[in-house]
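Coordinate inspection notes
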Amino acid sequence: MFGDIKYVCCSGSPKRIGRFATYMQKELGVRLPPGSALENISNKTDRYALYKIGPVLAVSHGMGMPSVSIMLHEILKLTYYAKCKNVTFIRIGTSGGIGLEPGTVVVSDKVVDGRFRPVMELPILGKLIARPAVLHPQLANDIVHCRMSEDNFNIVVGTTMCTLDFYEGQARLDGAFCDFTEKDKKDFLQTAYAQGVRNMEMESLCFAATCHHAGIKSAVICVTLLDRLHGDQINISHDLYEDYQLRPQKIVARLIRRKLRLGSQADREDDY
C-alpha cells in the first residue's frame, strides 16, 4: 500500500492537511472508486491525520517539536518497512514573518534555534546530543523556481528560526508572562533580521535535523501571517487566512507534478 510513496508532505493542522490531500488529489489526477472519498487512514487515533494520494503521503504533525518528532519517527519507520526509495519530506506551514509583507512565502535555506544555532539539542540517556539541522539546497532551489508569473504573492529564500515557545520564545508581548520590554523585543527581531532570519515557527528545527539524521532530503516552505516587526497578533480576515494557507500548497503541488512529470489544466507547460 505504501511502497510507491515518493513525497511525504506535512502540516500542523489535521484540517489543513486534509484540504491539502483533497487539493493534491485534483492536481495529480488521482481517481477514486465511484462513491468513495479520500479517507483519513489513521482515523482510529487522535495522534495525527494521514492521507495517501498516489505517491504522496500527507500527514499532520501537531504543534511544536515534540509532536513533530513523534510523527517523523513513525513515518520514517513506515517508509522503511514499505521499502520506499528516494523519498522527499516537505513541511508546509504557517509562520510569523520578519520584515516581510504578510502572505509572503518563505522557502528555508537554513534553520536555527532561538539562539541562532543550526542544531537541535536532544537529551538522550542523560547526555545532550547535538544534531545538525540541514535542509537540501537543490530541493529548496527547485521549490523557489515553481513560482509562476500569475502568482499574487512573493517567494523569498531565508533562514527560519524555530523556537520552543510561541510567546516568550518568539519575543511576544501578549503572553501570560513578559519579562522584557518592547525595545528588547524590537532589538531581538532586528538582530534576527540582520542575521538573515525571515520567519519564525516551532517545528522546522526538529524536522530538518531528523530528516538529515535519517539521510532524507527535506525542505520547509511556510507562508507568513504577519510581520512581527509591526505586531504580535494576526489581524486578517478568515478568507484571507485561508488564501494565505493555500499559497505554499500550490507551490509544493507544482513541484511534485514537475518531478513526477505530470501536467494539470493550470500548469501543463511546466513539465520537464
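Note that the structure is predicted; figures quoted are calculated from it, not measured.

Before going further, it helps to spend a moment on the pattern of salt bridges. Counting across every chain of the model gives 15 salt bridges. With a closest N to O distance of 3.7 Å, Arg 19 and Glu 242 form a salt bridge. Of this pair, Arg 19 sits in helix H1 (residues 14–28) while Glu 242 sits in helix H6 (residues 238–259); the two residues are 223 residues apart in sequence, bridging distant segments of the chain. Note on Glu 242: relative accessible area 26%, which makes it partly exposed. Lys 259 is the partner of Asp 142 in a salt bridge, and the nearest nitrogen-oxygen pair spans 2.9 Å. On the criterion of sequence distance, the pair formed by Asp 142 in helix H3 (residues 137–144) and Lys 259 in helix H6 is long-range, its members being 117 residues apart. Each member of the salt-bridge network shares a partner with another, and the members are Arg 91, Glu 201 and Glu 203.

Take the packing of aromatic side chains next. The final tally for this structure, using the stated rule, is three aromatic pairs. Summarising the aromatic geometry, the rings of Tyr 80 and Tyr 81 are spaced 5.2 Å apart at their centres and angled 75° between planes, so their arrangement reads as edge-to-face. Exposure class is identical for Tyr 80 and Tyr 81. Each is exposed. Pairing Phe 116 with Phe 188 gives two aromatic rings, centres 5.9 Å apart and planes at 50°, and the pair type is tilted. Here Phe 188 lies in helix H4 (residues 182–194) and Phe 116 lies in the loop between strand S5 (105–112) and strand S6 (119–124), a separation of 72 residues in the sequence. A residue is classified by how much of its surface remains accessible, and Phe 116, at 22% relative accessible area, is partly exposed.

With that settled, consider unusual backbone geometry. Despite not being glycine, Asn 86 has its phi angle at roughly 55°, a positive value. Given the relative accessible area of 69%, Asn 86 is considered exposed. For Phe 116, which is not glycine, the phi dihedral falls at a positive 70°.

Let us look at the environment of Asn 141. Within the secondary structure, Asn 141 is located in helix H3. We classify Asn 141 as partly exposed; its relative accessible area is 36%. Between the C-alpha atom of Asn 141 and that of Lys 77, which follows or precedes it by 64 residues, the distance is 28 Å.

In this structure, Thr 88 sits in strand S4 (residues 88–97). Ignoring anything within four residues of it in the chain, the contact list for Thr 88 reads Lys 6, Tyr 7, Val 8, Leu 139 and Lys 217.

This brings us to the environment of Val 156. Here Val 156 lies in strand S8 (residues 155–162). C-alpha separation for the pair Val 156 and Arg 247, spaced 91 residues apart in sequence, amounts to 13 Å.

The next subject is the layout of surface pockets. Looking at the largest pocket, its volume works out to about 430 Å³. If you trace the largest pocket, you find 22 residues lining it, with Arg 16, Met 63, Thr 94, Phe 166 and Met 202 closest to the centre. Where the lining of the largest pocket is concerned, the elements lending two or more residues are S4, strand S9 (197–201) and strand S10 (217–227).

Its 15 residues place the ends of H1 21 Å apart at the C-alpha level, agreeing with the 21 Å of an ideal helix rising 1.5 Å per residue. Burial in H1 covers these residues: Arg 16, Ile 17, Gly 18, Phe 20, Ala 21, Met 24, Gln 25, Glu 27 and Leu 28. Contacts made by the buried residues of H1 are with strand S1 (7–11), strand S2 (50–53), strand S3 (56–60), S4 and H6. A side-chain oxygen of the first residue of H1 lies 3.2 Å from the backbone nitrogen of Lys 15; this N-cap is Ser 13. Residue Gly 29 follows H1 closely and has a positive phi angle near 70°.

This next bit is on the packing of helix H2 (residues 65–81) against helix H5 (residues 204–213). Put simply, H2 and H5 touch, their axes get as near as 9 Å, and they point 25° apart. The pairing of H2 with H5 is recorded here as roughly parallel in orientation. The interaxial crossing formed by H2 with H5 has right-handed handedness. Residue-level inspection shows Met 65, Val 68, Ser 69, Leu 72 and Leu 76 of H2 in contact with H5, the latter providing Leu 205, Cys 206, Phe 207, Thr 210 and Cys 211. Grouping the amino acids of the contact of H2 with H5 by side-chain chemistry returns eight nonpolar, two polar and no charged.

Analysis parameters
By convention here, each chain's residues receive numbers from 1 onward along its written sequence. Thresholds applied to this predicted model are a pLDDT of at least 70 for local features of residues and 80 or more for the giving and counting of side-chain atom pairs; totals over whole chains, interfaces and linings are not thresholded and use all residues. As a rule here, side-chain values come from all non-hydrogen atoms in the structure, and water together with hydrogens is ignored. We define a salt bridge as a side-chain nitrogen of Lys or Arg found within 4 Å of a carboxyl oxygen belonging to Asp or Glu. Under the scheme used here, helices are H or I runs from DSSP no shorter than 4 residues and strands are E runs no shorter than 2 residues, and both carry numbers assigned from the N terminus. Think of it in three bands: residues with accessible area under 20% of the maximum for their type are buried, residues over 50% are exposed, and the middle band is partly exposed, with areas taken using a 1.4 Å probe on protein chains only. Pairing of aromatic rings covers Phe, Tyr and Trp, the last through its six-membered ring, and needs centres within 6.5 Å; plane angles under 30 degrees mean stacked, over 60 mean edge-to-face, and all others mean tilted. Should any heavy atoms of two residues lie within 4.5 Å, those residues are considered in contact. Put simply, the grid is 1 Å and covers the protein atoms alone, a cavity is a trapped set of points that fit a 1.4 Å probe, a pocket is an open set with protein on both sides within 12 Å along at least five of seven lines, and lining residues have an atom within 4 Å of a point. Grid points are joined across faces, edges and corners, and a volume is the space filled by probe spheres set on the points. Given a helix with a known number of residues, its expected span is that number minus one, times 1.5 Å. Each polar contact in these results corresponds to two N or O atoms within 3.5 Å; when the atoms are within protein, one needs to be able to donate a hydrogen and the other to accept it, and residues that are neighboring in sequence are counted only if both atoms are side-chain atoms. What counts as an axis is a line fitted to C-alpha atoms, over the stretch in contact for a helix, and the angles between N-to-C directions run from 0 to 180 degrees. Throughout, the term roughly parallel applies to angles under 35 degrees, roughly antiparallel to angles over 145, roughly perpendicular to angles from 65 to 115, and oblique to all others. Whether a crossing is left-handed or right-handed is set by the direction in which the near helix is turned from the far one by less than a right angle, anticlockwise for left-handed and clockwise for right-handed. Put simply, Ala, Val, Leu, Ile, Met, Phe, Trp, Tyr, Cys and Pro go in the nonpolar bin, Asp, Glu, Lys and Arg in the charged bin, and everything else, Gly too, in the polar bin.

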